[in-house]
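Letter by letter, the chains look like this.
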Protein chains: 2
Amino acid sequence: MIDHHAASPDMELIVHGPSGRNKPETRLWLRMLSTTRLITNEIRRRLRSQFGATLPQFDLMAQLYREEAGLRLGELSRRTMVTNGNITGLVERLEADGLVKRTTHDQDRRVTVAKLTPAGIDRFLLMAAAHEEWLRELLQDAGDEAVQSLWVNIGYLKASVSAHLSGEEAE
Amino acid sequence: MIDHHAASPDMELIVHGPSGRNKPETRLWLRMLSTTRLITNEIRRRLRSQFGATLPQFDLMAQLYREEAGLRLGELSRRTMVTNGNITGLVERLEADGLVKRTTHDQDRRVTVAKLTPAGIDRFLLMAAAHEEWLRELLQDAGDEAVQSLWVNIGYLKASVSAHLSGEEAE
DNA sequence: CTTTGTTATTTTAAGTTTAAACTATATGGT
DNA sequence: ACCATATAGTTTAAACTTAAAATAACAAAG
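Thresholds, definitions, all that
- Residues numbered from 1 in each chain as written.
- Chains lettered and ligands numbered in written order.
- Predicted model: local features only at pLDDT ≥ 70, side-chain atom pairs only at ≥ 80, totals over all residues.
- Heavy atoms only, no water.
- Helix = DSSP H or I, 4+ residues; strand = E, 2+ residues; numbered from the N terminus.
- Contact = heavy atoms within 4.5 Å.
- Areas by Shrake-Rupley, 256 points an atom, 1.4 Å probe, with all protein chains shown as cover.
- Pairing = 2+ DSSP bridges.
- Axes fitted to C-alpha atoms, helices over the stretch in contact; angles between N-to-C directions.
- Near = heavy atom within 4 Å.
- Polar contact = N/O pair within 3.5 Å; in protein donor to acceptor, adjacent residues only side chain to side chain.
- Nonpolar A, V, L, I, M, F, W, Y, C, P; charged D, E, K, R; others polar.
- Expected span 1.5 Å × (residues − 1).
- Buried < 20%, exposed > 50% of the residue type's maximum accessible area, 1.4 Å probe, protein only.

Looking up chain A in an unreviewed UniProt entry gives the name DNA-binding MarR family transcriptional regulator, with the organism given as Pseudorhizobium tarimense.

Asker: Where do I start with the overall build of chain A in this structure?
Answerer: Of the regular secondary structure elements, chain A holds 7 helices and 3 strands. Beginning at the N terminus, the succession of helices and strands in chain A can be written as α-α-α-β-α-α-β-β-α-α. The contacts in chain A between residues at least 6 apart in sequence include a share of 50% that link residues at least 24 apart. Split by element, the accessible area of chain A, about 8500 Å² in all, is 50% carbon and sulfur.

Asker: Would you mind showing me how to read the sheet that holds strand β3 (residues 112-116) of chain B here?
Answerer: Consider a sheet: its strands pair through backbone hydrogen bonds, and that pairing is either parallel or antiparallel. Residues and elements named next belong to chain B. Overall, antiparallel pairing links the 3 strands, which are arranged β1-β3-β2 in an open sheet. Either end of the sheet is taken by a strand with one partner, and the two such strands are β1 (71-72) and β2 (100-104). Relative to β3, β2 is paired through 5 bridges, and the arrangement is antiparallel. Bridge pairing in β3 places Lys101 opposite Lys115. Its contacts with the sheet put helix α3 (residues 55-66) on β1, β2 and β3, and the angle it makes with β3 is roughly 90 degrees.

Asker: Hey, could you run me through the protein's contact with DNA strand C in this one?
Answerer: As a structural note, the neighbourhood of DNA strand C is formed by 23 residues, with Gly74(A), Arg110(A), Thr112(A), Asn86(B) and Arg93(B) the closest of them. By atom count, sugar and phosphate contribute 76% of the portion of DNA strand C lying within 4 Å of the protein. One of the backbone nitrogen or oxygen atoms of Gly74(A) is found 2.6 Å away from a phosphate oxygen of DNA strand C. Put simply, the parts of the chain that give the surface near DNA strand C at least two residues each are α4 (73-80) and α5 (84-96) of chain A together with α5 (84-96) of chain B. When residues in the surface near DNA strand C are grouped by element, the largest group, 3 residues, is from α5(A). Its residues placed into classes, the surface near DNA strand C shows 5 nonpolar, 10 polar and 8 charged.

Asker: Help me understand the protein's contact with DNA strand D, please; the structure alone is not making it clear to me.
Answerer: Contacts to DNA strand D come from 26 residues, most closely from Thr54(A), Asn86(A), Arg93(A), Gly74(B) and Thr112(B). Of what DNA strand D places within 4 Å of the protein, 79% of the atoms are sugar or phosphate. Note that a phosphate oxygen of DNA strand D is positioned 2.6 Å from one of the side-chain N or O atoms of Arg93(A). Thr88(B) places a polar side-chain atom, nitrogen or oxygen, 2.9 Å from a phosphate oxygen of DNA strand D. Mapped onto the surface near DNA strand D, the elements with two or more residues apiece are α3 (55-66) and α5 of chain A together with α4 (73-80) and α5 of chain B. The residue makeup of the surface near DNA strand D, split by class, is 7 nonpolar, 11 polar and 8 charged.

Asker: Got a minute to help me understand helix α6 (residues 118-139) of chain A in this structure?
Answerer: Each α-helix winds once per 3.6 residues, and so residues spaced three or four apart point in a common direction. For α6(A), with 22 residues, the first-to-last C-alpha span of 32 Å sits near the 32 Å given by 1.5 Å per residue. Restricting attention to buried positions, one finds in α6(A) the residues Gly120(A), Phe124(A), Met127(A), Ala130(A), His131(A), Glu132(A), Trp134(A), Leu135(A), Leu138(A) and Leu139(A). In the core, the buried residues of α6(A) are packed alongside α2 (24-51), α3 and β3 (112-116) of chain A together with α2 (24-51) and α7 (144-163) of chain B.

What follows is the structure in structure tokens.
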């Protein structure tokens, strides 16, 4: 039986109740989280069904596409939100699929550089175009003003959060 | 060497580049996604360090707290964005910690109902209070208007996305 | 040189995730 | 009762995740 309902659209209500009892920050966060998950899951689903790819794979390929010469694995990790140890397996799988090629650096044999293959470039371009179109489709009813306003205000949100992180990673 | 940089604050820029070349919908999505991950990771970190709990555990307990009589596992799955198969292990771990109790339904032996124990209720109340305070702290610089505006506009976003999901789950 | 430290990547262990298959139980039509 | 079908929950397989330890290569100080 097929049954992946992990992100039903009315999630926020179901999950968090009427939510009138929460503080504004909490209400916003619950709504933002549920919306993000809704979109993420939808994109994940489409990437998988239409391209047999996962979201982290797409992220990684987007990075490599941006750097024609390829990137060392540590740099890839930094740019993709994927932890160091995780890059290894991710790149291995992409290499097995012929989308990425690994080469060892000449001067420094510790370094491995990953680079998209021509097939990888083709595949990425297809996925990127679809990804852009999916977002246009999914957000089409929100209105251009809302999209613009959200972009600005989420910027403020992000700045505030960045300034109050507990770890050493605040900039 | 310790090295978990998976969510540095300037992620959006690093990850997605100047992003001026993207369509507004894509730009918004990348910013929204990176901000959500920033907050999620911070809350996950705090839940873990201060309560030894994971985010899915917190979500699940929030649901059970809301329903005094407890919930069947399928209903829990629907309400928590946790897929069916995942509920099993999650509830198992919480039961092992004495925070949740499982009982089999009398009439329908397929059904299992999960319910918070008194210890579970105590624990949840502590976590919920901290969670609310963390959000207030993290979002404090964003401004009340931005928070209010975001709440409204993300509502539109969510409605649009819900209306255009590919699966059968659109309502 | 050789010890000490640093950097790049891989490996490991524990746990989470999704999607799909499986088991057991119930229900409904005949 | 019997069979098809639906439902509740569990299990499985593959991918991903974090955190930490391990390996390997380089760098530099004495």
